[in-house]
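Next come the chains, spelled out residue by residue.
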Amino acid sequence: MKLVHYTHRGISAVAFVLMLAWGALFYFTIINEVMDETDDALANTRAQLVKMTLQHPEQITHNACALHSYTIRPLTYLEGMNYEDRFYDSLRYIEIENEYEPVRVMSSSFKAPDGNFYEMKIMQSTLERDDMVEAILICLAILFVVVWLCVALGTRLVLNRVFRPLNRLLHWLDNVLPGKPVPELENDTQIHEFNRLNEAALSMTKRSEKAYVEQKEFIENAAHELQTPLAVIRGKLELLADSEELNEEQLQYIDQLFGQLNRVVHLNKSLLLLSRINNGQFTESAPIELNRMLHNSVQMMQDIYDEKSVSVVWDEAGICIINMDESLARVLFDNLIKNAFVYTPQGGTIQLTIRPDEVRISNSGEEPLDEDRIFTRFYHKNSKNKESNGLGLSIVKSVAELYGISLTYSYQMGMHVFVLNNVN
Amino acid sequence: MKILLIEDDDALQHTIKEALARSEIRVECASTYRAALSKINDYDYDCVLLDIMLPDGDGLSVLASLKRHKKAESVIIISAKDSIEDKVRGLELGADDYLAKPFHLAELIARVKSVVRRKQVGGHTSIDLGNLSLHPNERRVVVNDADLKLNRKEYDLLYYLVSNPNRLINKTALAESVWGDHIDQADSLDFIYSQMKNLRKKLKDAQAQAELKAVYGFGYKLIYNEIAEDSKL
């Protein structure tokens, strides 16, 4: 959820609750006030009526209620003694209109000069009050909607403005890539926190960029520095092997040393190649026809892995041409093809599918590989091949990334499938 | 044949010197840029082995100086940097070959012999071992005046062995000479066994005086004893 939406939601919720509470308070206060007014008016009327009634006692018996606004009825002595005055809401039937009308009623008692108790009910229509309540509610509702809209719009406008530096910073961070120079950060703002965030982001990226460069240089330098000692060891071993007086066992030892030394040499070369690819030291590119390159590569591997009797199935529909450094293209496809040959079981199948924008290399295999990890360096969990230095696929991935080629692995119907999509 | 080896690492210098000496190639050494320049000015060599990373200067300047003085020496660059740019730059400046460390000594010797042979004007361009002669320009092998039919890989292997006669060559070095270094050796060794078996049989059937010998599963040796063969005649 976006920060603006989140904040907006929070402010809206608070505003909603506050306005609801204030609306209720406002409503009940007004109603109470109006009720008090009505009750006061009823009490006044009662006082006048009682006074009038006491001056003209004959009206009691007449029960004169010409305006239907009050009724008088006699009470027993006991009722009269215990009578309590009260106010309440009720309904009154109006004959002419044949409907009920809401009224406020005050019922009270008084003692006539003849010593009898009477109850007097005075009614006052509350139609006006109900109209008022309605008006209040409508006004409140309008106010509610308008204020809410204003809050929504206001927060959005303000927040968008406030968070502009943050959005610029996020956009800038998206453009920071390892191995690429840190881009200029132009994000002036008067907001203190954002300024600090800018500084922190800038110094952190510069630090990590520096560490990245140093690490790359370290790997490359270390690999370079190893080349001369490796050359000496290899040379001395060759000289030693070429001495006359060695017996078979001694030669076997030297042979094993040769083998191990070769692993080191290859590992070192692979590390150098990887660091060179990641350093972007391959900038040449030329259109390369992959069909021919794949055929050459397969031909070579078929020679080497002749004993495995792997059958190769070609499915070519069109020529696939890709723009990249030729030596890297060879590294990429030799590694993939070699990988397919190495990991295909005896008598297995390799299938090559070439489309103008896609190359698919599949080989039979017993169980799926961990697709999240097969491209990481030194991953050889399932590898039975002791000679594998665990860098082949990682080099492949680096080359693919360098040229914006998408490379995916999947396991389908007993085949390991590597798909390259030409997206450059 | 006389060679100047320009290499600042003592151990590597001694190793290369010893290997070349065993192939009856005379070697003089220079460890610094200055020493290299003075040797080049004072003497003539058939070939210069040049490490381009020297403590007191850029090895490529040695190459430039050679070319400026129109000296005829062949130059093979030996470098710890196996980068295409360096290779291209070296070859553009007039180097004859480029060999990345760590190389096989047998490979180095084959390359030295190859560049020196290419410089020989009008002379022998073939490599002869008794009745076997290998013609690199035409990729042709003749035994007893008859063509020996070899496939491409058999030829590459024989060329490598003929360049290093009477020396024990490890099978991984042979594999690399055919496949380059982007193939893990262990994978390609089976192939080397069968190719060498065929090659040995072909040489034997053609009655070549040089004999291809497998040594304890370690590698192979092309044996040709000039004196012994001569005394038979």
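Residues numbered from 1 in each chain as written. Chains lettered and ligands numbered in written order. Predicted model: local features only at pLDDT ≥ 70, side-chain atom pairs only at ≥ 80, totals over all residues. Heavy atoms only, no water.

## Structural notes on the pattern of salt bridges
1) Next: Within this structure, the stated rule accounts for 28 salt bridges over all chains.
2) Next: B:E28 is paired through a salt bridge with B:K39; the nearest N and O atoms lie 3.5 Å apart. Highlighted residues: B:E28 in strand β2 (residues 26-30) and B:K39 in helix α2 (residues 33-42), separated in sequence by 11 residues.
3) Next: Two residues, B:D44 and B:K71, come together in a salt bridge whose shortest N-O distance is 2.9 Å. Remark: B:K71 occurs in the loop between α3 (59-68) and β6 (74-79) and B:D44 occurs in the loop between α2 and β3 (47-51); sequence separation between them is 27 residues.
4) Next: Classification of B:K71 by relative accessible area gives buried; the value is 19%.
5) Next: The network of salt bridges with common partners includes A:D242, B:E18, B:R22 and B:R167. (Salt bridge = Lys/Arg side-chain N within 4 Å of Asp/Glu carboxyl O. Helix = DSSP H or I, 4+ residues; strand = E, 2+ residues; numbered from the N terminus. Buried < 20%, exposed > 50% of the residue type's maximum accessible area, 1.4 Å probe, protein only.)

## Looking at the environment of B:L108
1) Next: Within the element layout of this structure, B:L108 appears in helix α5 (residues 105-119).
2) Next: For B:L108 and B:A19, which are 89 residues apart along the polypeptide, the C-alpha to C-alpha distance reads 9.4 Å.

## Concerning a nonpolar patch on the surface
All names here are of chain A.
1) Next: Together, F16, V17, L20 and W148 line one region of the surface with nonpolar side chains, adding up to about 390 Å² of accessible area.
2) Next: A per-element tally of the nonpolar patch places helix α1 (residues 3-55) first, with three residues.
3) Next: With respect to the secondary-structure elements, L20 resides in helix α1. (Patch = residues over 30% accessible without salt bridge, like charges linked within 9 Å, V, L, I, M, F, W, Y side chains within 5 Å. Areas by Shrake-Rupley, 256 points an atom, 1.4 Å probe, with all protein chains shown as cover.)

## Some points on helix α6 (residues 192-241) of chain A
1) Next: Counted at 1.5 Å a residue, the expected span for α6(A) with its 50 residues is 74 Å, and the 73 Å between its end C-alpha atoms agrees.
2) Next: Considering bend angle alone, the principal kink of α6(A) is centred on A:Q227 and spans about 30°; proline A:P229 follows within four residues of it. (Expected span 1.5 Å × (residues − 1). Bend = angle between axes of the 7 residues up to and from the residue.)

## Describing unusual backbone geometry
Residues and elements named next belong to chain B.
1) Next: P102 follows K101 through a cis peptide bond whose omega is -5°.
2) Next: Within the element layout of this structure, P102 appears in the loop between β7 (97-100) and α5.
3) Next: The residue E24 is not glycine, and still its phi comes out positive at about 60°.
4) Next: In this structure, E24 sits in the loop between α1 (10-22) and β2.
5) Next: By relative accessible area, E24 is classed as exposed at 72%.

## Side note on the interface of chain B and chain A
1) Next: On the chain A side, the residues contacting the 44 residues of chain B number 42 residues.
2) Next: Summed over both partners, the interface of chain B with chain A buries about 3,800 Å², with 56% contributed by carbon and sulfur atoms.
3) Next: In this assembly, chain B and chain A are joined by five salt bridges.
4) Next: Here A:D242 makes a salt bridge to B:R167, at a shortest N to O gap of 3.1 Å.
5) Next: Run the count over chain B and chain A and you get 14 residue pairs in polar contact (both at pLDDT 80 or more).
6) Next: When contributions to the side of chain B that touches chain A are tallied by element, the ones reaching two or more residues are α1, α4 (84-92), α5, β12 (168-170), α7 (171-179) and α8 (185-205) of chain B. (Contact = heavy atoms within 4.5 Å. Buried area = accessible area lost by both parts, 1.4 Å probe. Polar contact = N/O pair within 3.5 Å; in protein donor to acceptor, adjacent residues only side chain to side chain.)

## Remarks on the pairing of strand β3 (residues 99-111) of chain A
All names here are of chain A.
1) Next: Pairing analysis gives nine bridges linking strand β2 (residues 86-94) to β3, with the strands arranged antiparallel. Looking at the pairing, R86 lines up with S107 of β3.
2) Next: Between β2 and β3, which pair antiparallel and follow one another directly, the connecting turn spans four residues, one of which, N98, has a positive phi of 55°.
3) Next: Hairpin remark: β3 followed by strand β4 (residues 117-125), antiparallel, with five residues in the connecting loop; positive phi at G115, about 90°. (Pairing = 2+ DSSP bridges.)

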